[in-house]
Amino acid sequence: MNNYIIETEQLSKDFSGELAVNQLSIHVRKNEIYGFLGPNGAGKSTVMKMLLGLLQPTHGSIKLFNKNFKSNQNALLSNVGSLIEEPSYYANLTGYENLQIIQRLLKLPKENIDKVLKIVKLYDQKDKLVKNYSLGMKQRLGIALAIVKFPKLLILDEPTNGLDPAGIQEIRELIKSLPQKYDMTVIISSHILSEIEQMATTVGIINKGKLLFEGRLADLEEDEKYLFETNDDARAKKMLISKGFILDDEKELIINDKRKANIAFAIRLLVKNDIDIYQVRMVRKSLEDVFLDMTGRKGGVS
Ligand SMILES: Nc1ncnc2c1ncn2[C@@H]1O[C@H](COP(=O)(O)OP(=O)(O)OP(=O)(O)O)[C@@H](O)[C@H]1O
Ligand SMILES: [Mg+2]
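Small disclaimer: the values here were computed from a predicted structure and weren't measured.

1. Some details on the pairing of strand 1 (residues 4-15)
Within a regular beta strand, the side chains point alternately toward one face of the sheet and then the other, so they alternate between its two faces. Direction of pairing for strand 1 relative to strand 3 (residues 27-29): antiparallel, over a ladder of three bridges. The residue bridging Ile6 from the neighbouring strand is Val28, located in strand 3. Here five bridges tie strand 1 to strand 5 (residues 59-64), and the two strands are oriented antiparallel to one another. Counterpart to Thr8 in the pairing with strand 5 is Ile62. Strand direction decides the pairing type here: strand 1 and strand 2 (residues 18-24), joined by four bridges, are antiparallel. Bridge pairing links Leu11 to Leu24 in strand 2. With antiparallel pairing between neighbouring strands as the criterion, strand 1 and strand 2 make up a hairpin whose turn holds two residues, including Ser16 at a positive phi of roughly 35°.

What follows is the structure, given as structure tokens:
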């Protein structure tokens, strides 16, 4: 028995011959914020829709709260709140009225409405028509609609889409508070690592439907390396390789070793052999670069 809130096994979705999701096994633990990362078209929304029973998997299985999804779908989904792609609301009603519809439909306590309006900081705007809300306010209403039943599991598909940095920061703080304050588990998708870097405890990285990495972000972080600038990099490289150093496959001379004694040895070796060293500096790829390399999107895609 484990304590996974979401567990998929070899989950696949075939859209007329194309595998949008390919044998995906993800594991989301209780009370964590799980960042589901991948570029456009990676399959994030498709996975989330399967977790909500909005799409049928072609293969594989899903467990929510340790129970088989297929045979307990309705009971399990009563504990799940979600915001998939665009929030859906009635633009000609106020924020309050939108929440009231769900509150009545699900027979939730009336107090929940004010409570979530305060959580998402829309209380002062609750009587405004939603069509007059800003994008950020609409997004926050979307989250309010998803949490008004105080679900045990919250599924958020790119909730920061289209928001400015301040709006992203606000949503981030809001989401971060949910696990402890309200005993929720959150899975949140994004195509920008830095957006969820500060809130996710675990990340799953998906590209072309396949899971490339699942774990703590710290484990994705590259070890430090040392870049050398010399008057003869070609000769220096040969010399270092002959002594067993592992170099990065780059134009520059980068020693892939973080042990200081080894770097000191390399410096002595080069100097002894009359190679001028102009600088030695520690380099490390940012997490964003590691992620972009992994998903093959380095260099920017329009
Ligand atoms: N209903 C559908 N019919 C056919 N193909 C679909 C359908 N829904 C999604 N796809 C395809 O599945 C793949 C994954 O799409 P999905 O929307 O899950 O990606 P995503 O990771 O959510 O991307 P984005 O970051 O752009 O939202 C894409 O190639 C998409 O064209
Ligand atoms: Mg999507």
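2. Describing the site of ligand 1
Within the structure, ligand 1 sits among Phe15, Ala20, Pro39, Asn40, Gly41, Ala42, Gly43, Lys44, Ser45, Thr46 and Glu158. Residue Asn40 places a side-chain N or O atom 3.1 Å away from an oxygen atom belonging to ligand 1. A distance of 2.8 Å separates an oxygen atom of ligand 1 from a polar side-chain atom of Ser45. Considering ligand 1 on its own, with 640 Å² of exposed area, one finds that the protein chains cover 59% of that surface. Counting residues per element, the shell around ligand 1 draws most heavily on helix 1 (residues 44-51), which supplies three residues. Along the lines of polarity and charge, the residues of the shell around ligand 1 split into four nonpolar, five polar and two charged.

3. Describing unusual backbone geometry
Phi at Lys121 is positive, roughly 60°, even though this residue is not glycine. Backbone geometry places Lys208, a non-glycine residue, at a positive phi of 45°. Within the fold, Lys208 resides in the loop between strand 10 (202-207) and strand 11 (210-215).

4. Focus: the layout of surface pockets
There is about 510 Å³ of room inside the largest pocket. For the largest pocket, the lining is made up of 19 residues, of which Ser82, Ser88, Ile102, Leu145 and Ala146 are closest to its centre.

5. A look at helix 4 (residues 111-119)
All of the buried residues in helix 4 are Asn112, Ile113, Val116, Leu117 and Ile119. Taken end-on, helix 4 shows its buried residues confined to a sector of 160°, consistent with a single buried face. What points out from helix 4, more than 90 degrees from its buried face, is the exposed set Glu111 and Lys118. Next to the buried residues of helix 4 lie helix 3 (95-105), helix 5 (135-147) and helix 6 (165-182). One or two positions beyond helix 4, positive phi appears at Lys121, with a value near 60°.

6. Remarks on the nonpolar core
Leu99 and Ile147 are the most contacted members of the largest nonpolar core, which totals 45 residues. At seven residues, the largest contribution of residues to this core is made by helix 5. If we ignore the near neighbours within four places in the chain, the residues touching Leu99 are Ile113, Val116, Leu117, Leu141, Ala144, Leu145 and Val148. Judged by nonpolar contacts, the second largest core, of 27 residues, contains Ile6, Leu64, Phe65 and Leu77.

7. Focus on the sheet that holds strand 7 (residues 80-83)
Spatial strand order, 7-8-9-4-10-11: six strands in an open sheet with mixed pairing. The open sheet has two free edges, formed respectively by strand 7 and strand 11, since each of these has just one partner strand. Each strand axis lies, on average, 15° off the axis of its neighbour in the sheet, ignoring direction. Of the strands in this sheet, strand 7 and strand 8 (153-157) are in contact with helix 5, which crosses strand 7 at around 165°.

8. Some thoughts on helix 5
With 13 residues, helix 5 extends 19 Å between its outermost C-alpha atoms, agreeing within 8% with the 18 Å of an ideal straight helix rising 1.5 Å per residue. The element helix 5 is extensively covered by neighbouring structure, given that twelve of its 13 residues are classed as buried. Gly136, Met137, Lys138, Gln139, Arg140, Leu141, Gly142, Ile143, Ala144, Leu145, Ala146 and Ile147 are the residues of helix 5 that are buried. Close packing links the buried residues of helix 5 with strand 7, helix 3, helix 4, strand 8 and helix 6.

9. Quick notes on the pattern of salt bridges
Considering all chains together, one arrives at 14 salt bridges under this definition. Taking the shortest distance from any N to any O, the salt bridge between Lys285 and Glu222 comes out at 3.8 Å. Pair noted here: Lys285 is in the loop between strand 14 (277-283) and helix 10 (287-294) and Glu222 is in the loop between strand 11 and strand 12 (225-230), with a separation of 63 residues, a long-range link. Accessibility expressed as a relative area gives 32% for Lys285, which makes it partly exposed. The salt bridge partner of Lys225 is Asp248, with a shortest N-O separation of 2.7 Å. Within this pair, whereas Lys225 is found in strand 12, its partner Asp248 is found in the loop between helix 8 (233-242) and strand 13 (253-255), the two being separated by 23 residues in sequence.

Rules of the game
- Residues numbered from 1 in each chain as written.
- Chains lettered and ligands numbered in written order.
- Predicted model: local features only at pLDDT ≥ 70, side-chain atom pairs only at ≥ 80, totals over all residues.
- Heavy atoms only, no water.
- Pairing = 2+ DSSP bridges.
- Helix = DSSP H or I, 4+ residues; strand = E, 2+ residues; numbered from the N terminus.
- Near = heavy atom within 4 Å.
- Polar contact = N/O pair within 3.5 Å; in protein donor to acceptor, adjacent residues only side chain to side chain.
- Areas by Shrake-Rupley, 256 points an atom, 1.4 Å probe, with all protein chains shown as cover.
- Nonpolar A, V, L, I, M, F, W, Y, C, P; charged D, E, K, R; others polar.
- 1 Å grid on protein atoms, 1.4 Å probe; cavity = no way out; pocket = protein on both sides within 12 Å on 5 of 7 lines; lining within 4 Å.
- Points joined across faces, edges and corners; volume = space filled by probe spheres on them.
- Buried < 20%, exposed > 50% of the residue type's maximum accessible area, 1.4 Å probe, protein only.
- Arc of directions from axis to C-beta.
- Contact = heavy atoms within 4.5 Å.
- Core = buried A, V, L, I, M, F, W, Y, C linked by side-chain atoms within 4.5 Å.
- Axes fitted to C-alpha atoms, helices over the stretch in contact; angles between N-to-C directions.
- Expected span 1.5 Å × (residues − 1).
- Salt bridge = Lys/Arg side-chain N within 4 Å of Asp/Glu carboxyl O.

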